[in-house]
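Notes for the structure review
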Amino acid sequence: MGGTEEKRTTGTRPTSRDVARLAGVSHTAVSFVFNGRAEGNLSPATQERIRQAAAQLGYRPDPVARGLRRRRTAVIGLVTDEIASSPFAGRLLRGAMEVAWGKEHLVLTVDSGGDPAKEDAAVAELLDRRVDGIIYAAMSLRRVRVPEGLHRTHSVLANCLPEDDSLPAVIPAERAGGRTAAQVLLDQGHRRLAHIGGLDDIASVERLRGFRDTLRAEGVTVPKEWVVRTGGEIAGGYEGAMRVLDGDPADRRPTGIFAYNDRVAAGVLHAATRLGIDVPGELSVVGYDDQEHMAAFLTPALTSIALPHRAMGETAARILLDAIDTGRTPPATVRRIACPAVSRDSVGPAPGR
């Protein structure tokens, strides 16, 4: 015990040999336990005695030494374009970090600010630091130029697609999310439906396509003038809603609106208030993103289709860590993650139902 107290007071790091002495086993036996080779070589009782000794001494395996033996560093890199400013980046990062931590890996994160030169430099720096692999993440779904260095290590894309289809990618199931939004409104009896907001990007196209898929299957048609492209901000939602709601009697205007995202939906709610239209009594509104600190705090609280950023981070990390563990390059396929509906107060039965 005196030796243990001396280590604690002097700050000397306990070694695997100290664990072996306290447990009354060989140094090789300790190595087996902490290198994952104990099964079949040591009895469960011996393994437990070694772990108890390690806990008593406060021993942790040296990750640098272990990495040198395995030719790994137990660190993965994550390069993203706008982690500092995106409301969704924290979810993706948390998902990746928790999966990595469960596999005894740390995540080293770099924000490029969307600058291609900085992206290349960030990837090069991570490679110089001998990371075991890299996740490249974008905060808005799009096709991206793949930094050249990603082809020199195990790499996975999150929330983006490679222009050259050269790497595996994990993205939201946007078209299925659009279908879900339509079903939420149809289930409440709505048949006069509009879509507001959006840009000329992958997410906009896929969400609207999925929305129309479900409506078509139910024999519901959206009039051309009720599909209004007004961008992705609150002002665009307000403008679009005023165009489809203002001036028409209640029986001639939409009873349900699918907004491109939650910011657009906030503009729709503002327009409805301005026009004296009750939500959800006269108009139901579905957003998209389930934006943290926003969707649940609108009046009324917004029903939204959730972007699965945390699940994307988790899935990308699992694909990457599996590749690292097996040494096999994963196929350059696209994994789509479900976008579930989060029900709140902005959707109710269609008027007259």
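Report on the accompanying structure. Residue numbering note: each chain is counted from 1, following its sequence as written. Two thresholds apply to this predicted model, a pLDDT of at least 70 for residue-level local features and 80 or more for giving and counting side-chain atom pairs, whereas whole-chain, interface and lining totals are computed over all residues. The basis for every side-chain value is the complete set of heavy atoms in the structure, and neither hydrogens nor water enter the calculation.

1. A closer look at the overall build of the chain
Our working definition: Here a helix means four or more residues in a row that DSSP labels H or I, a strand means two or more in a row labelled E, and each is numbered from the N terminus. The size measure is the radius of gyration over C-alpha atoms, and the globule rule it meets is 2.2 Å times the number of residues to the 0.38 power. Relative accessibility under 20% of the residue-type maximum defines a buried residue, over 50% an exposed one, and the middle range a partly exposed one, all with a 1.4 Å probe and only protein chains included. Only heavy atoms enter the contact rule, under which two residues are in contact if any of them lie within 4.5 Å.
Along its length, the chain carries 12 helices and 14 strands. Taken over C-alpha atoms, the radius of gyration comes to 27 Å for the chain, far larger than the 20 Å a tight globule of 353 residues would show. Structurally, the chain occupies a C-alpha span of about 85 × 40 × 35 Å along its principal axes. Split into buried and exposed, the 353 residues of the chain put 51% on the buried side. Sequence-distant contacts in the chain: of pairs separated by 6 or more residues, those separated by 24 or more amount to 72%.

2. Quick word on the environment of glutamate 119
Mapping glutamate 119 onto the fold places it in helix H7 (residues 116-128). Residues glutamate 119 and glycine 281 lie 162 residues apart in sequence; the distance between their C-alpha atoms is 49 Å. Excluding anything up to four places from it in sequence, glutamate 119 contacts Asp81, Ser112, Gly114, Tyr136, Arg145 and Pro147.

3. Details of the sheet that holds strand S7 (residues 169-172)
Put simply, the rule is: Only strands joined by at least two bridges in the DSSP assignment are considered to pair. For helices, the fitted line uses only the C-alpha atoms of the stretch in contact; every axis is such a line through C-alpha atoms, and the angle between N-to-C directions lies from 0 to 180 degrees.
The strand order across the open sheet formed by six strands is S2-S1-S3-S5-S7-S13, and the pairing between neighbours is parallel. Across the chains shown, the open sheet's two edge strands, defined by having one partner strand only, are strand S2 (106-111) and strand S13 (334-337). Taking each pair of neighbouring strands and ignoring which way they run, the sheet shows an average axis angle of 20°. Looking at chain direction, strand S1 (residues 75-80) and S2 are connected through six bridges and run parallel. The residue of S2 that forms the bridge with valine 75 is leucine 106. Contacts from helix H6 (residues 89-102) reach S1, S2, strand S3 (133-137) and strand S5 (154-158), with the element oriented near 155° to S2. Contacts from helix H12 (residues 309-326) reach S1, S3, S5, S7 and S13, with the element oriented near 165° to S5.

4. A look at the environment of valine 99
Tracing the backbone shows valine 99 in helix H6. Separated by 214 residues in the primary sequence, valine 99 and glycine 313 have C-alpha atoms spaced 8.5 Å apart. Residues in contact with valine 99, not counting those within four places in the same chain, are Glu314, Ala317, Arg318 and Leu321.

5. Describing unusual backbone geometry
Following valine 279, the chain continues to proline 280 via a peptide bond in cis, the omega torsion being 10°. Here proline 280 shows up in the loop between helix H11 (262-275) and strand S11 (284-289). Along the chain, threonine 299 connects to proline 300 via a cis peptide bond; the corresponding omega equals -5°. With respect to the element layout, proline 300 can be found in the loop between S11 and strand S12 (303-306). Look at asparagine 159: it is not a glycine, yet its phi comes out positive at around 60°. Summarising the element assignment, asparagine 159 is placed in the loop between S5 and strand S6 (161-162). We classify asparagine 159 as buried; its relative accessible area is 2%. Unusually for a residue other than glycine, aspartate 290 sits at a positive phi of about 50°. Relative to the assigned elements, aspartate 290 resides in the loop between S11 and S12.

6. Here we look at the packing of aromatic side chains
For the record, the criterion: Whether two aromatic rings pair depends on their centres lying within 6.5 Å, for rings of Phe, Tyr and Trp, where Trp uses its six-membered ring; planes under 30 degrees apart make the pair stacked, over 60 edge-to-face, and the rest tilted.
Applying the stated criterion to the full structure yields two aromatic pairs. Judged by centre distance (5.0 Å) and plane angle (40°), the rings of phenylalanine 211 and phenylalanine 258 are tilted. A residue pair is termed long-range when its members are at least 10 positions apart, and phenylalanine 211 in helix H9 (residues 202-217) and phenylalanine 258 in strand S10 (residues 256-259) qualify at 47 residues. Looking at phenylalanine 211, the relative accessible area reads 0%, which means it is buried. Ring geometry for phenylalanine 258 against tyrosine 288: centres 6.2 Å apart, planes inclined by 45°, an arrangement best described as tilted.

7. Some details on the pattern of salt bridges
Rules: Just to be clear on terms, a salt bridge is a Lys or Arg side-chain nitrogen sitting within 4 Å of an Asp or Glu carboxyl oxygen.
The final tally for this structure, using the stated rule, is 20 salt bridges. Residue arginine 129 pairs with glutamate 125 through a salt bridge whose shortest N-O separation is 3.0 Å. Taking relative accessible area as the criterion, arginine 129 reaches 52% and is therefore assigned exposed. Owing to a relative accessible area of 37%, glutamate 125 belongs among the partly exposed residues under this scheme. For the salt bridge of arginine 143 with aspartate 165, the shortest nitrogen-to-oxygen distance reads 3.2 Å. Of this pair, arginine 143 sits in strand S4 (residues 143-144) while aspartate 165 sits in the loop between S6 and S7, and the two are 22 residues apart along the sequence. Taken together, the shared-partner salt bridges connect Arg175, Arg179, Asp213 and Arg216 into one network.

8. Description of the sheet that holds strand S9 (residues 227-228)
Reading across from one edge, S9-S8-S10-S11-S12-S14 is the order of the six strands in this open sheet, with mixed pairing throughout. Strand pairing shows two members of the sheet lacking a second neighbour, S9 and strand S14 (341-342), which therefore form its edges. Two elements, S10 and S11, share three bridges in a ladder whose sense is parallel. Bridge assignment links isoleucine 257 to a residue of S11, and that residue is valine 285. Against the sheet, helix H8 (residues 174-186) makes contact with strand S8 (193-196), S10, S11, S12 and S14, and its axis sits at roughly 160° relative to S11, the strand it touches most.

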